[in-house]
There are 2 protein chains.
Amino acid sequence: MTALRKAARRGGRNARHELRAAPLADDKRPIRPGMTGGRYAPLTESDMDRINEAILESLETIGFADAIPSCVELVTKAGGSVNDQGRLLFPRGLVKDMLAVASRRFPIYAQDPKHDLEPWDKKVYFGTAGAAVHMIDIETGEYTDPGIADLYDIARLVDQLDNIHFFQRSVVARDMETSRDLDINTLYVCVSGTTKHVGTSWVKPEYVEESLEMLHMIAGSEEAWRARPFVSMSNCFVVPPFKFAEDACLCLEAAVKGGIPILLLAAGQAGATSPAALAGAVMQEMAEVIAGIVYINLLSPGHPAIAGPWPFVSDLRTGAMSGGSGEQALLSSACAQMCAYYDLPGGVCAGMSDSKMVDAQSGAEKGYTEALVGNSGANMIYESAGMHASLLGCCKESFVIDNDTIGGVLRAVRGIEVTDETLSVEALRQVCEQGPGHFLGHDQTMDLMETEYVYPLVGDRTSPKEWVEQGSPSYNGRAREKTTEILTTHFPAHIDPALDESIRERFDIKLDRGYMLAGS
Amino acid sequence: MTALRKAARRGGRNARHELRAAPLADDKRPIRPGMTGGRYAPLTESDMDRINEAILESLETIGFADAIPSCVELVTKAGGSVNDQGRLLFPRGLVKDMLAVASRRFPIYAQDPKHDLEPWDKKVYFGTAGAAVHMIDIETGEYTDPGIADLYDIARLVDQLDNIHFFQRSVVARDMETSRDLDINTLYVCVSGTTKHVGTSWVKPEYVEESLEMLHMIAGSEEAWRARPFVSMSNCFVVPPFKFAEDACLCLEAAVKGGIPILLLAAGQAGATSPAALAGAVMQEMAEVIAGIVYINLLSPGHPAIAGPWPFVSDLRTGAMSGGSGEQALLSSACAQMCAYYDLPGGVCAGMSDSKMVDAQSGAEKGYTEALVGNSGANMIYESAGMHASLLGCCKESFVIDNDTIGGVLRAVRGIEVTDETLSVEALRQVCEQGPGHFLGHDQTMDLMETEYVYPLVGDRTSPKEWVEQGSPSYNGRAREKTTEILTTHFPAHIDPALDESIRERFDIKLDRGYMLAGS
């Protein structure tokens, strides 16, 4: 019998505390990245068949406006055509062929392999995203401009938060003067701030090419980069409804050339840039993503691409985007199901609150959208931490808070294991027949307290009495403390100082080396 | 063409505002009480078969301690036995027979028939419950003692909040001096404060009998009461694990005699009074509820009973109850599935936050537990509004806030309708080929903005700019305003003044008539 089990036998609170002190092996943890979801399914199989049929019909008969010449050439050579309105039509045979060719089992790599993701078979990962133009002060509610140091801080936070599995850039650093500075520095601070997978976007294809140089330097060589591309491109190749975005298409082609995995984003807004009917919004965004899949696989068969149907919601009273609603939970969950229908790695969004602040509204909107989307089996859930104001605002403390929310959701994703052992008939018999009439000191309780139960990082579970004795601490205050603790102690050093110096020689890096070493 | 459609044709923001001004017929509303859930299913069919088998085995071989003589007599006459430990055993044949006899299609009545519930076939209703011993001030965070006027206020709030479908008493009025005063006055203020279905509990059977007199007076006669019993008894007949509670059993027998529907509550705490393994916790609480079903149906075959498996969670570091967690969402959802497995009306719980305050923690915990439990197809979801501090605290403003959260969840429960019309291929074709390239003024958008989309009552969807211009209003502040508005304007008058006077003559009613007429 181990010391721990002996402690358990002694029972009671001390034994439980003793157990808690022991570190838990990774495979014993109650929640892990990449658990299998799919127990929530808003669409039936026949719903999905009908959506598929409508997608094929729309791509074949409505087609896309504004295709760039290279795209037109690829598609028409493969059997597509341009109609008299100048719209590029995708025949269903071509769509099916390209869906068959599309890559499906590629890992999403991270600088540290322990953070690699396997986004298939309804495995679920939560991560960030966004292009917020405001930082939010959790205490004062003040909205300010995000700078490049803020983005670096967010990367460092994500690096330390277990339930955020990948990092796509969350804010637009508004202290960058040119779009080139923005693209280069955004990439630099993201990959410097975390060893988790990084996603970002680029304004122009030439910045993509420049950025690849940096990625080769960090990887050690172009070959090493291509073997484990640890950065993906978030690409809005489409302006919904059904119109290509020229610059984004050029960036997409540069990404394919450079071996960058692509998140194919179609972000229509139901009632504004996609149909108000939820089924139509799902259909359109999936159709647009599939047009992207066709395009990419004609460019380079099997190039890694994540299907990114992001149907947003409009508040139809104003036309403004709304990110936190039951409609949004349905749209993203249905899209996750459609990605699984095509067996494509799916990246959808959840956790986008409309609240301007960190409050009960943001908590609820994040909680219910993430619960449903997580359990729908979405492979990658973007926007799931830090975001407020319908994606316009970002709050550092919210990453810490949302990490707890995602922890609860992940526990639900893990589900309930039903075995003879867990059904506990014998444990119940023992407790009832031999005493003590409760399970607190029972061996089973001791064994399961770490492996079956998730404990929040900052969430409060004290009694009202203890809470008052502690001075009635606020949740936001506790989150601020934890955020400050991470930001004053965690200075990632995975990029060697010599390498960092080389990067700084080659590129115009705006973030002080001093800030990166000491946070000030 | 109607005026509204003409307005729609004109398109744009004014037309949308014009539409919003028109009242919406009940059957057109995007969310309604009693929509069908069940798209989230943590347990498989074979999981449920195994749980059922463990339930039957436990009831047959472990049985219950502390059965009262009348219960022992009923069960042993029907084939049960008492073992040498004094435990009452329920043979599986008896259990199956009583499950067959149990009533399944009884409405849960309300004083106003428009609020009647039909808790079967995975129809979902949200409501309240609780026995909180603290009221929480949303602004100061102060914890105070609830009084009978607080309970009346909560009933009035629930009466006005569309997404809270029934009202079980939320707080213990600590200004009542005797348990008799408590039982009688609790019932009185609940049924006076709302025309929705009321649930409450009683300390002693004689107070049940006295209360029935009041219910007969309100109904008009005993016959009228028995035809539409609009109050149910929440009854904790079991002290988990597997032990009867004497007083509660006596109250249960009085309820059966008086025609009061019973919520059979089994509220074990996983890791303390039920197994730490989640499957075992579900098994035990369902087994306990089924013992109650056997008991009730032996007393009076077909007496209306709601199965109430409420497995709570222990924070195993302290042994204290935790209400807001992924584990809790799983336990309640699995129990909802088990109730549907037996085709019993099921009442489970969700929305119980551990946070002492109204904040992002309470929002998230309520949001994710309610989203999953709502979509699991639970018939009646108790504790879903107002509760904090692991059920020890209650906040009036939280009812308003949680009403919005439940609204979002209900929208998800409604699901996505997939038809040729909603798939919107023709709408997309029109917008793409004939302009204007967006759906904002489209007929479909106008038609669906009220019927497909839920708008929050107090939730904020302004832009950061508008929000700052409005003085950065807080969510809690808006909720307080709405709460004050309801409590200063809504004085329910469904009980005739003359009848109220008769009730006051017969019973020792502690709440001032003046308060009921004017809130002060």
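Residue numbers restart at each chain and count upward from 1, following the sequence in its written direction. Numbering of ligands from 1 and lettering of chains from A proceed in the order in which they are written. Owing to the predicted nature of the model, reporting of local features is limited to residues with pLDDT of at least 70; listing and counting of side-chain atom pairs is limited to 80 or more, with chain, interface and lining totals taken over all residues.

1. Topic: the overall build of chain A
Scanning chain A from terminus to terminus reveals 21 helices and 18 strands. The globule rule used here is 2.2 Å times the number of residues to the 0.38 power, and the radius of gyration it is set against is calculated over C-alpha atoms. Its C-alpha atoms give chain A a radius of gyration of 24 Å, near enough to 24 Å, the size a compact globule of 520 residues would have. In terms of its C-alpha atoms, chain A occupies a principal-axis envelope of roughly 85 × 55 × 50 Å. Working definition of burial: number of other C-beta atoms within 10 Å of the residue's own, with buried at 20 or more, exposed at 12 or fewer, and partly exposed in between, all C-beta atoms being placed from the backbone. Per-residue burial over chain A gives 59% buried out of 520 residues. Numbering of helices and strands starts at the N terminus; helices are DSSP runs of H or I of at least 4 residues and strands are runs of E of at least 2.

2. Details of the sheet that holds strand β11 (residues 269-270) of chain B
Residues and elements named next belong to chain B. Pairing between strands is defined by DSSP: at least two bridges between the two strands are required. Judged by pairing direction, the sheet is mixed, and its three strands sit side by side in the order β11-β13-β14 without closing on themselves. The open sheet terminates on both sides in strands that have one partner only, identified here as β11 and β14 (320-322). Note that β11 and strand β13 (residues 312-315) share two bridges and pair parallel. When the bridges of β13 are listed, alanine 270 appears paired with valine 313.

3. Let's talk about unusual backbone geometry
The amide bond that connects Gly435(A) to the next residue, Pro436(A), takes the cis arrangement and shows omega of 5 degrees. Position of Pro436(A) among the secondary structure elements: in the loop between α16 (425-434) and α17 (443-448). Cis geometry marks the peptide bond from Pro240(B) to Pro241(B); its omega dihedral reads 0 degrees. Checked against the element boundaries, Pro241(B) lands in the loop between β9 (231-235) and α10 (246-258). The backbone of Leu391(A) shows a phi angle near 85 degrees, a positive value even though the residue is not glycine. As for its position among the elements, Leu391(A) is in the loop between β17 (387-388) and β18 (393-394). By C-beta crowding, Leu391(A) is classed as buried, having 22 other C-beta atoms within 10 Å. Phi is positive for Asp343(B), close to 55 degrees, though the residue is something other than glycine.

4. Looking at the relation of the copies chain A and chain B
Least squares is the method used to superpose the copies, on C-alpha atoms of residues holding a pLDDT of at least 70 in both. Under the fitted operation, chain A is carried onto chain B by 0.0 Å of movement along the axis and a turn of 180 degrees, and the coordinates agree to an RMSD of 0.0 Å. Taken together, the rotation and translation relating the two chain copies correspond to the operation of a two-fold axis. Of all interface residues in chain A, 100% are interface residues in chain B too; the two copies therefore contact each other through one and the same surface. Placing C-beta atoms from the backbone, we regard two residues as in contact once those atoms come within 7 Å.

5. Considerations on the interface of chain A and chain B
Contacts between the two partners involve 110 residues from chain A, matched on the other side by 110 residues from chain B. In terms of residue count, the dominant contributor to the side of chain A that touches chain B is helix α13 (residues 360-375) of chain A (13 residues). Throughout, the ten residues Ala, Val, Leu, Ile, Met, Phe, Trp, Tyr, Cys and Pro are labelled nonpolar, Asp, Glu, Lys and Arg are labelled charged, and all others, Gly among them, are labelled polar. When grouped by side-chain class, the residues that make up the side of chain A that touches chain B number 54 nonpolar, 33 polar and 23 charged.

6. Some details on the pairing of strand β9 (residues 231-235) of chain A
Residues and elements named next belong to chain A. With five of its five residues buried, β9 lies for the most part within the structure. Residue alternation in β9 divides its side chains into two sets, Val231, Met233 and Asn235 and Ser232 and Ser234, and both sets are buried. Examined bridge by bridge, strand β8 (residues 197-200) and β9 share three bridges and lie parallel to one another. From the neighbouring strand, threonine 200 faces β9, where its bridge partner is methionine 233.

7. Considering the sheet that holds strand β15 (residues 347-349) of chain A
Residue and element names in this part refer to chain A. The mixed open sheet is built from four strands, whose spatial order is β1-β4-β16-β15. Looking at the sheet topology across the chains shown, the edges are occupied by β1 (35-36) and β15. In terms of strand pairing, strand β4 (residues 123-126) meets strand β16 (residues 380-382) through two bridges, oriented parallel. When the bridges of β16 are listed, phenylalanine 126 appears paired with isoleucine 381.

8. Considering the packing of helix α6 (residues 148-160) of chain A against helix α19 (residues 475-489) of chain A
Residue and element names in this part refer to chain A. Throughout, an axis means a line fitted to C-alpha atoms (over the contacting stretch in the case of helices), and angles, computed between N-to-C directions, take values from 0 to 180 degrees. The contact between α6 and α19 brings their axes to 10 Å, and the two run at 100 degrees. As judged from the angle between their axes, α6 and α19 are roughly perpendicular. On the side of α6, the interface is formed by Asp153, Arg156, Leu157 and Gln160, while α19 contributes Thr483, Ile486 and Leu487. Broken down by class, the residue content of the contact of α6 with α19 amounts to three nonpolar, two polar and two charged. Oblique is the label for any angle not under 35 degrees, not over 145, and not in the 65 to 115 range, which are roughly parallel, roughly antiparallel and roughly perpendicular in turn.

9. Focus on helix α16 (residues 425-434) of chain B
By the burial criterion, the buried members of α16(B) are Val425(B), Ala427(B), Leu428(B), Val431(B) and Cys432(B). The arc enclosing the buried residues of α16(B), seen along the axis, measures out at 165 degrees, which places them on a common side. Turning to α16(B), the residues buried within the fold contact α3 (45-61) and α11 (278-299) of chain A together with α15 (420-423) and α17 (443-448) of chain B. Two residues or fewer past α16(B), Gly435(B) is found with a positive phi of approximately 80 degrees. By construction, the arc corresponds to the directions joining the helix axis to the C-beta atoms.

10. Some points on the environment of Thr76(A)
Residues and elements named next belong to chain A. Mapping threonine 76 onto the fold places it in helix α4 (residues 69-77). Owing to 14 C-beta atoms within 10 Å, threonine 76 belongs among the partly exposed residues under this scheme. Each C-alpha atom, one on threonine 76 and one on arginine 104, is 25 Å from the other, the two residues being 28 residues apart in sequence.

11. Some remarks on the confidence of the model for chain A
On a range of 0 to 100, pLDDT expresses the predictor's confidence in each residue. Summary statistics for chain A give a mean pLDDT of 95 and a share of 96% for residues scoring 70 or more. Interface confidence for the predicted complex, expressed as ipTM, amounts to 0.95; the pTM equals 0.96.

12. Regarding the packing of helix α14 (residues 396-414) of chain A against α19(A)
Residue and element names in this part refer to chain A. Viewed as axis vectors pointing N to C, α14 and α19 meet at an angle of 105 degrees, and their least axial separation amounts to 8 Å. The angle between the axes of α14 and α19 places the two elements in the roughly perpendicular class. From α14, Lys396, Glu397, Val400 and Ile401 reach across to α19, where they touch Asn476, Ala479, Arg480, Lys482 and Thr483. Of the residues in the contact of α14 with α19, the class split is three nonpolar, two polar and four charged.

13. Let's talk about the environment of Cys190(A)
Within the secondary structure layout, Cys190(A) lies in helix α7 (residues 179-193). In this structure, Cys190(A) is in contact with Leu151(A), Ala155(A), Phe167(A), Arg169(A), Val198(A) and Thr200(A), ignoring residues within four places of it in sequence.

14. Observations regarding the pairing of β13(B)
All names here are of chain B. Going residue by residue along β13, you find Phe312 and Ser314 tucked away on one face and Val313 and Asp315 tucked away on the opposite face as well. Note: β13 against β14, three bridges, orientation antiparallel. Bridge pairing in β14 links valine 313 to serine 322. Hairpin connection from β13 to β14: four residues lie between these consecutive antiparallel strands, with glycine 319 at a positive phi of about 85 degrees.

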